Every structure is written in C-alpha cells, then in structure tokens.
Amino acid sequence: MLKNHLKIAWRNLRKNKGYALINIGGLALGFAITLLIGLWIYDELSFNKQHSSYDRIAEVLQNVDFDGTIETWESQNYPLGDALRTEYGTYFDEVVMSTYPRRSIFKHGETVIGELGSFMEEGAPAILDLKMIHGNKDSFGDPNSIFLSATLANSIFGAENPLGKSLIMNNETSLKVAGVYEDMPRSSNFRDEAGYLGSLDLLMIGAGPNKKGWLNNWLMVFVKMAENVTVEQASAAIKNVKLNNAGEKELQSNPQLFLHPLSKWRLYSHFENGVSIGGRITYVWLFGFIGAFVLFLASINFINLSTARSQKRAEEVGIRKVIGSSKLQLVRQFFMESLMVVLLAFFLALLLAQLALPLFNEITQKDVGILWGHPMLWVMFLVSVGLVGILSGLYPAFYLSSFLPIKVLKGLPKSAAGGNVRFRQALVILQFVVSVTLVIGTLVIYQQIQHVKNRSLGYEVEGLVMVPMQTDEVKKNYEAFRNTLLESNAFLEIARSESPVTNTWYSDFDFKWKGKDPGFRDNIFRGLVNHEFGETIQWSILKGRDFSKAYATDSTAVILNEAAVKYMGFEDPIGQIIEAPWGEELTVIGVVEDMITQSLYESNKQTMFRFDQYQQANLMNIKLNPNTDVTEAMNQLSAVYKQFNPNTPMEYTFAEDQYAEKFAFEARVGKLSGIFAGLAIFISCLGLLGLASFVAERRTKEIGIRKVLGASVSMLWQMLSKEFIGLVLLGSALAIPLASYMMQQWLNDYEYRTEISWSLYGYAALGAVLVTLLTVSVQTLRAAQNNPIKSLRTE
Amino acid sequence: MLLQLNNIFKWVNSGGQRIFLLKDINLTVEEGEFISIMGPSGSGKSTLLYLLGMLDGFDEGEYHFLEEPVHTMKEKHRSNLYKEYIGFVFQSYHLLDELTVWENLEMPLLYKKIGSAERKAKVADMLDRFNIVAKKDLFPPQLSGGQQQLVGVARALISNPKLILADEPTGNLNSKQGEEIMELFKQLNSEGVTIIQVTHSEKNASYASRVINLLDGRMI
Ligand SMILES: Nc1ncnc2c1ncn2[C@@H]1O[C@H](COP(=O)(O)OP(=O)(O)O)[C@@H](O)[C@H]1O
Ligand SMILES: [Mg+2]
C-alpha cells in the first residue's frame, strides 16, 4: 500500500512537471534560505563560545564625559593594570594589559614576514585560552622571548620545530621562540590580536613618563574574573579606580570603569551615552525575522498550491472510496504524499544551500558550513518537514477524504471546488506586503550608500597609497627615499602623518585657549602631519596658510578644521594661541575645509592638524600621478622601497580601499537584503502563479462562454489580470507605511542620512505591479487563448 | 434474498422546499437476478443505484442487505459489508489514470489487505479472463473506451462481489463494445453474480430478467 501511494504521488509529480517544479522548488528555496540564515545566526550567537572560560573573561571599558556627551572608550592607560591587581585582586584571577594589534616584522635567516599580533602581560594565555602546540603557557611574559601562532611559525620555520630558535623583530630586537599555539578560530574576537604574542614588558623598556602615566590611553585591559564574582560586582568595585588614583583634577572627564563581558563583545558592542544599546544583535534579529518570514511564505505558498491542486483529485477520492478505501486510508495517503514532497523539497534545499554556501560566505565574510552533525539541523528538519508536511496534507487529507463519493462521481454541483479563494487572496496580499517591504528596504539602503558616497570628502583618495614605517631603517631613510621617488614622474608628492587621513581617531584634551569656558571639557582629534601632507592629500585651506618650510616657527603651528573653529568658538582663528596640555603654545596658522576623517555617517569632528616637530608620524602618504598606470607606479614604488629598506617588507593600503571599508558593512547588508527581496518576490510570484492558474481553471467555462460571445483575448486578459493587480496594490499600500517606519528607524542610526523620496515607494509598487502582470499573464493568456469548445465540452 | 427496500424516501431541502428524489421505493432482489433500471434523465436512477450500493443514504424507510438492517448499521460495518459484497461499474469508467491496468485491478485487493501472492494470482487471472494481459502495463488513457470499461468491470469483479451495480455502463461505448459488455454481464450472471444496471437502451435492458421503471423518483 505504501509503495502504491508513493508510486501515485511520484507519477502525479511527473505528470505535472511544471507544477511540481514550482511547488517543490519554491519550498526548497524557502528552506534553503532559512537554513543559510539559521547558519548565519548560529555562527553569530556562538561567537567566542569556544573559549573555555567564556563566562569569566571581560574587558575593562570606561565611560568618559565630554561636556554632557558620554563616550565609551576601550583604551586605557598603563598604571591601571597594577592598580586593578593590587587594589581589586580578589575580584580577578588575571588582569592583562595588551596593546592594540600591531604589525611587526620577523626575520629568520632569509625569511622576512610581517604579521599582526599583540604585546601582552603574563596572564595572556589564560585570557586568550591559548592551546599550545610547542612550549609551556607559563613561560609567557619573558621580554626576551615570543610566542607564535601555528601559521606564523610555519611560514617562518617551515616544518622544523621552532622552539628555542631565535628571530629578529623589526630589525632590532632578537627574540627566542618560547611557544607555538594553535591559530585563534575565526569565530574569536581575538583572531586579529594574536598572530604573535610578545611581552608588554619589552615595549616598556626605556618608555618615557608619558607612556607610563595616567593620561595616556593606549592599551586594552582584559580580565579573567575570579570564580563566583559577577560582572556587576566587579564593575561596581572598579568604577572609580582612575579617579581615586589619578585625581579628579587631571581627569576632568570623570572616567567611570566597568566590565564588558566576552559574551557581549560580538553582538552588544555599540554604546550610546555610556550604555550598551546593542550592535550586531540588531542584524541577528532582522535576519531572524526575514528567515522566519521567508519560511512562512514559502510554506504557506506550498500549502496553497498543493491544496489548489488537490481539488483536481476529488475524482480520485471518489473512485478510491468506491473500490473500498476507508477514510483513514485516504487520510494516510494524502499525508504520505505531502510528506514525501516536503522531504524532496528539504533535500533539494540542502543541496541548494550547499551550492550557495561559497557565495553566502563571501557576502557575509564568514566561514560557515552546513552543520551536518548538529542536532539543531535535524530538529529543524523534523519541525519544518513535519509542520509543512502536515499542514499541506491537512486540507486534502481531511477535506477531500470526507467527500461522499457520489458527489464527485455523479458529477453534481462542483461547489466544493471553489475552495478558499479569500484565504488565497489574503495570502497573496501578505506575500506582497513582505516583498515590497524588502524591496523598499533594499532601495533605501542603496540610496543611503549613494548619499554618503556623494558626500564631499574634502580631500582626494584616488591614487593615495599609505605605507607604514615600521622599522628604524625606514624612518632613517625617509628623506632619501622620498627624493628618489620624486625623481620619477609617477609620484606627485610624499608626506608623513601619524594617522591615515581616512581614519583619524587619536585625540587630546585639556587644551586652553582664549574665550574657553573654564568648565568646558574639551576633546580634540589630532592629525600629526608634516609640511607636504596638505599637498599630498589635496586638502583645501580656507583661511590663513598651509604649513611651510619657509617659516621656522611652524614647528609649533596648527591648522584647525572648520568644525574645530566652531568648537573652540573662534571668531578670527588665525593667529590664536592654544596652550597644549603638555605646556607648549601652539599657533593657529590656517583653517582647512572639513574632511571626512572618521565616519561617513557622522558630522565632521573637531580636528587639529599639528606639525610633527618630533617626527613621530610613521605613516608615509604617497600620491601617485593619475596619468601613470597604477601597477607600473606600484612596481616602481616597491623597487625603490626595497632598495632603501632591504630588511623591512613593504606593506601598503590604498586610501580608496579604506574609504570603501566605511560603507562595506552597509553595502553587505544592502546586498543581502537585495537577495532576500528578490527571493521573496520570486516566492510571491509562485504564489501568484498558483492563484492565477487556480482562478483560470475555475473560470474556464465562463471564459469559454465569453469567447463564444465574442470577447477578444486582450479583453479576457484584462478581466483576469485586474483582480490580481488589485491584490498587489493593496499589498503595496500596506507595505509602504510599514517599510517607511522601519527604514526611518534604521536611518535614524545615522547622523548623516538620506531622505526617503516618495518616488522610491512609487517605483517599488510599480515594480510589484509589473512583475505581477508578467507572472499572471503566463496563466491568463493561456486561459484566454484556449479553444472555447474544448472547455465547454468538459462540463 | 439478497436485499430488500421497504418504503424508501429520499429528499433534499432546497429553498425551504422539500424536493423528493425517491418516493416510496419497495424492491426485493434475489440472489442471481439481473435487473435493469430504466427511466428518463433525472428520474432518480443513479440515486437509487448509489443507495443500493450504500454510497448514499436515504431519509425514510428500511434497507436490508443479506437480512441485515443497513439503515441502523454503523458506518464501519456498512463499509465492510460493501467491500465484501458489492462492485461498481460507471459510465465514465472512473479508473485511476495514474495507475496502470494491473495496478488499477490490484487496488481493491490492497484495500482489502490481501497478501501479495494472492493479489498477483487474482489480477493475473482477471487479465487473462478479460483478455487484456497485453495491456497490463498501459495507463487507462492509452486504452480505447471499450477496453477501459473492460478494466472497469474487471476491477468491480476482482474481489468476488455478490452484487454488481452498473450506472449506464455502455453509455460511452459504441454498439459493438456495448454488446460485448452485455454479453459479459450475461455470463457473469449465469455464474451466479447478481447484476443491477441502469440503462437507456431497450436492447441492453432486454439482457435482464427484470426491468424496473422510474419516473420522478417513483417506481411505476
Ligand atoms: N444531492 C442532490 N441535491 C439536489 N438534487 C439532487 C441531488 N442528487 C440528485 N439530485 C437531483 O435528483 C434528480 C435525480 O438525479 P439522478 O438520480 O442522477 O437521475 P438519473 O440518474 O435518473 O438521470 C436530478 O434532477 C438531480 O438533479
Ligand atoms: Mg444518472
């Protein structure tokens, strides 16, 4: 009997190939999308979870108050570590300070390799949960030795055991390899931090008071909490460590320390006014909703199409009953059939998802795979297959199987065949609400990206290459290197700066100037640059002048941006004297047009460009001649670089890439939502197609009669299509306020944002109508072209 | 006595009005009879036939089948009785188009939960008897009307019913094919199967030993 049921189900599918493709394909697509989104969410939620002390690791953050706006900073100062250890030791098993990841160059024999890593204190292995391959965790912390990740060790030493071997770091320090550990997993926040691990003590050898003082925030501080200590307890305890130690006077910004636990780093790292207001978690929810919706739509669609189809099987039900089938047997048959089809769809979905994974991983920048062995997959399998299978089987199983056979066999009124048209219509409307909402969402995201792209940068990113000066060799040879480069006409100008112009994050505070309100707690971003910087990035001086070699006094000169002039309240900025917190008197010599040196989405920040009198700026900015070929210029650049700096590999970034980074996340979200919108529309079209064929079938006779009476194909097409256009317009009308509300919320996160134009809604609705017409016409045209005699005879 | 109808009434309510489909039907059928039901279109012939076949109910009266009261019987019991003793043949054949001839014949046996070996034997036997062995792997739409009706009759017969009910079995066939089916019925009848058929044709009706005439739901 089972075999027989399956056979008939299979033959039904083969007989109606187009329908089967639409129906199973649509459901499979829905399953596949949900599966991928599920994997994405799973990956996000399990970030860092491999850490063996997941619950006990935290980072020490501080809320600082700048005149009413509370900012949350990660960076801390050097004395904090000892203060936490001595005063609050009972709360923590480990307190470990770490530098931000920095690139170092390692040399061993002929091999020279640059890699990102950190300098940390003794407890680092516990904080990072290091898994040692060679060496002993406890030996970490000796300033003369270094730990390497497996990948780095392998690229330096190849197959040989590196333990005890020595290498040269940044051409100056000789270090012994004391440990090799497994690479940090991709799903770890420490991944960038830990290409290599050196001892922080090494950096502190010969460090000046500035580096060691309470005012210079340049480190991260991680802790491993003692057992039975909660984040809240520890946070409350350490709140005022800085104030107590450094004194309020030096720390006007009222720093309040607290712990940010490892479990929140990935998804809850967006702070506003000192409190965590989420972060990536928003996208987890968003995608979760989209996934659930897509599955919901695809399932309902499937149920809808299946049941519309099952009307056709009323006759079969009658026959089976007449030849002896019980109702139960019919119920079982229909359930089995729908389960079989849903199973098919599910396996097809697994295949689709597997095929789409590379693309998916590329867009999402992830490394997820289908978790074949994970119970969640199979729970999802059981739940979705069971649910959809049962729901889609429900209607034919119970409704059809309760038919009295005479009803269908005597060919009496086919009243039942009408089915739930209202339900199907409601479904189509709902589908279009979702699809049009997604379409509008995508359009708004793209409009916003376009909006920020059109924002004036205030400088020229094109052809700007940045090369860090990582070793003394490079610093020493700077002038000669520059002069040699300028001999070639491939290079227009070369300048030094502390930060890349696209990312100027360092700031100083506690300046004094004429007219400053004594209570005003200032914080001014810093650009440490030399003479040629302005020329290199092509900034625009609005008032005064650029730095110049002609003025010896320029060693203490500064150039303010417009925002800084406003921030400091200068009527006439040129010539103003600003007293730096370290005592120097700085003179304003010019005002530069605001430049986007930070976020594209925020207003320009007050920035002071200071002349780099002590040559601390270690980034070379190289402007390529737009008239030369980039590859050619880069070849020349690296050749000249190598000639001067044989022991330091050249690393470079294009300013353009850093600029693109700024909206990479938005572009990714836009791409994903675009894909989802396309798929939602596709699935909705399947629903439309189902409804259209259903309606056309139901009205076959009417169409036949109308044709006999002289209706033309186009008149019939209009008549049949009108109904659907109405549904889609209604769906769009409901989607517009919904989408507009949601997208306005989204835009509100951006200080610099676009305005959603009305025409955008118009396009979305128009698009929906066009797609509908196209889809529906496939069916309606066919119905309208049918030979009327044929359809009338069937009655 | 195979079955007996006493004072059977059947009606439907439409627009507050009671429309009678069958009025005061009294009928006794002995085992081995061959009966034709005749009457104009809409006179209630099919209704009566389905009622006899227990596929349709009635509103008043009594129906005994093999001495058992059908009108008070539980659904399950009734369907068992039906499965055991009754076979149906339709004007438009009503075969399952997705199944082959073989599978169509096998279906009723599957519903009766008959073992595979016995099923095979019975189906083979039936194919042989109706001379359609060569068609066993074809699907109904690939057969002519006459051949389809042969399969229809074979399917009705396969579970050895005592009673065959046929609703205009030759209505869609040409006269030669119709004659073949009638000859077949005659032969089955001579083997002891009771047959009740609805027909419009005087000639086909004459194969029967008794003719019942219906007019507006009443036997005349
Ligand atoms: N369930 C029903 N509801 C309303 N009218 C019915 C129903 N069943 C049958 N009829 C009507 O009863 C009459 C007899 O039908 P039927 O037995 O099919 O006639 P015949 O087979 O003699 O042509 C017809 O007029 C038919 O329309
Ligand atoms: Mg009839």
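**Q** What am I meant to see in the domain arrangement of chain A here?
**A** Frequently, the measure chosen for interface size is the accessible area removed from exposure when the parts meet. Residues and elements named next belong to chain A. Segmentation of chain A into domains returns domain 1 (1-47 + 266-419), domain 2 (57-246), domain 3 (435-455 + 657-795) and domain 4 (464-656). Summarising the inter-unit geometry, the C-alpha centres of domain 2 and domain 4 are found 29 Å apart. In this assembly, 14 residues from domain 2 lie in contact with 15 residues from domain 4. Between domain 2 and domain 4 lies a buried interface of about 1200 Å² when both sides are counted; carbon and sulfur atoms form 52% of it. Its largest share of buried area at the contact with domain 4, domain 2 owes to Phe66, Asp67 and Ile105, together 37% of the area lost on that side. Here Glu651 ties to Arg103 by a salt bridge, and the two come within 3.1 Å at their closest N and O atoms. Between the two partners, domain 2 and domain 4, sit five residue pairs in polar contact (both at pLDDT 80 or more). Of all the secondary-structure elements, those providing two or more residues to the side of domain 2 that touches domain 4 are strand S1 (57-66), strand S4 (102-108) and strand S5 (111-120). Top contributing element to the side of domain 2 that touches domain 4 by residue count: S4, with four residues. For the side of domain 2 that touches domain 4, a count of residues per class yields five nonpolar, four polar and five charged.

**Q** Please explain a nonpolar patch on the surface as it appears in this structure.
**A** On the surface, a cluster of nonpolar side chains totalling about 840 Å² of accessible area is made up of Met376, Val379, Leu382, Val383, Leu387, Ile390, Leu391, Leu394 and Phe398 of chain A. Looking at the element boundaries, Val383 of chain A is found in helix H14 (residues 375-399).

**Q** Looking at this model, I keep getting lost on the pairing of S4 of chain A. Mind explaining?
**A** Side-chain positions along a regular strand alternate between the two faces of the sheet. Residues and elements named next belong to chain A. Inspection of the sheet shows S4 paired to S5 by seven bridges, in the antiparallel sense. Counted as the bridge partner of Arg103 is Leu116 from S5. Between the antiparallel neighbours S4 and S5 lie two residues, among them Gly109 with a positive phi of about 60 degrees. In this sheet, strand S8 (residues 166-169) lies alongside S4 in antiparallel orientation, the contact comprising two bridges. Within the sheet, the bridge partner assigned to Phe106 lies in S8 and is Met169.

**Q** Explanation requested: the interface of chain A and chain B in the structure shown.
**A** Each partner contributes residues to the interface: chain A has 22 residues there, and chain B has 23 residues. Between chain A and chain B, roughly 2200 Å² of surface is buried when both sides are summed, and carbon and sulfur atoms account for 61% of that area. For the interface between chain A and chain B, the tally reads two salt bridges. Taken together, the links from chain A to chain B amount to five residue pairs in polar contact (both at pLDDT 80 or more). Taken together, the elements giving at least two residues each to the side of chain A that touches chain B come down to helix H1 (2-15), helix H12 (314-322), helix H13 (327-364) and helix H15 (405-409) of chain A. Here the residues of the side of chain A that touches chain B are counted per class, giving eight nonpolar, six polar and eight charged.

**Q** What is the right way to look at the packing of aromatic side chains in this model?
**A** All names here are of chain A. The full count for this structure, using the stated rule, is 41 aromatic pairs over all chains. Centre to centre, the rings of Trp40 and Phe287 are 4.8 Å apart; their planes meet at 75 degrees, and the pair counts as edge-to-face. With a gap of 247 residues between them, Trp40 in helix H2 (residues 17-45) and Phe287 in helix H11 (residues 281-310) connect regions that are remote in the sequence. Residue Trp40 shares its accessibility class with Phe287, and that shared class is buried. Centre to centre, the rings of Phe346 and Phe381 are 4.7 Å apart; their planes meet at 70 degrees, and the pair counts as edge-to-face. One end of the pair, Phe346, is in helix H13; the other, Phe381, is in helix H14, with 35 residues separating them in the sequence. Just as Phe346 is buried, Phe381 falls in that class too. The rings of Phe31, Phe346, Phe347, Trp378 and Phe381 are connected pair by pair, giving a single aromatic cluster. Just above the ring of Trp218 sits the side chain of Lys211; from NZ or CZ to the centre is 5.0 Å.

What counts and how
Residues numbered from 1 in each chain as written. Chains lettered and ligands numbered in written order. Predicted model: local features only at pLDDT ≥ 70, side-chain atom pairs only at ≥ 80, totals over all residues. Heavy atoms only, no water. Domains from an automatic or database assignment. Contact = heavy atoms within 4.5 Å. Buried area = accessible area lost by both parts, 1.4 Å probe. Salt bridge = Lys/Arg side-chain N within 4 Å of Asp/Glu carboxyl O. Polar contact = N/O pair within 3.5 Å; in protein donor to acceptor, adjacent residues only side chain to side chain. Helix = DSSP H or I, 4+ residues; strand = E, 2+ residues; numbered from the N terminus. Nonpolar A, V, L, I, M, F, W, Y, C, P; charged D, E, K, R; others polar. Patch = residues over 30% accessible without salt bridge, like charges linked within 9 Å, V, L, I, M, F, W, Y side chains within 5 Å. Areas by Shrake-Rupley, 256 points an atom, 1.4 Å probe, with all protein chains shown as cover. Pairing = 2+ DSSP bridges. Phe/Tyr/Trp six-rings, centres within 6.5 Å; stacked < 30°, edge-to-face > 60°. Buried < 20%, exposed > 50% of the residue type's maximum accessible area, 1.4 Å probe, protein only. Lys NZ or Arg CZ within 6 Å of the ring centre and 35° of its normal.

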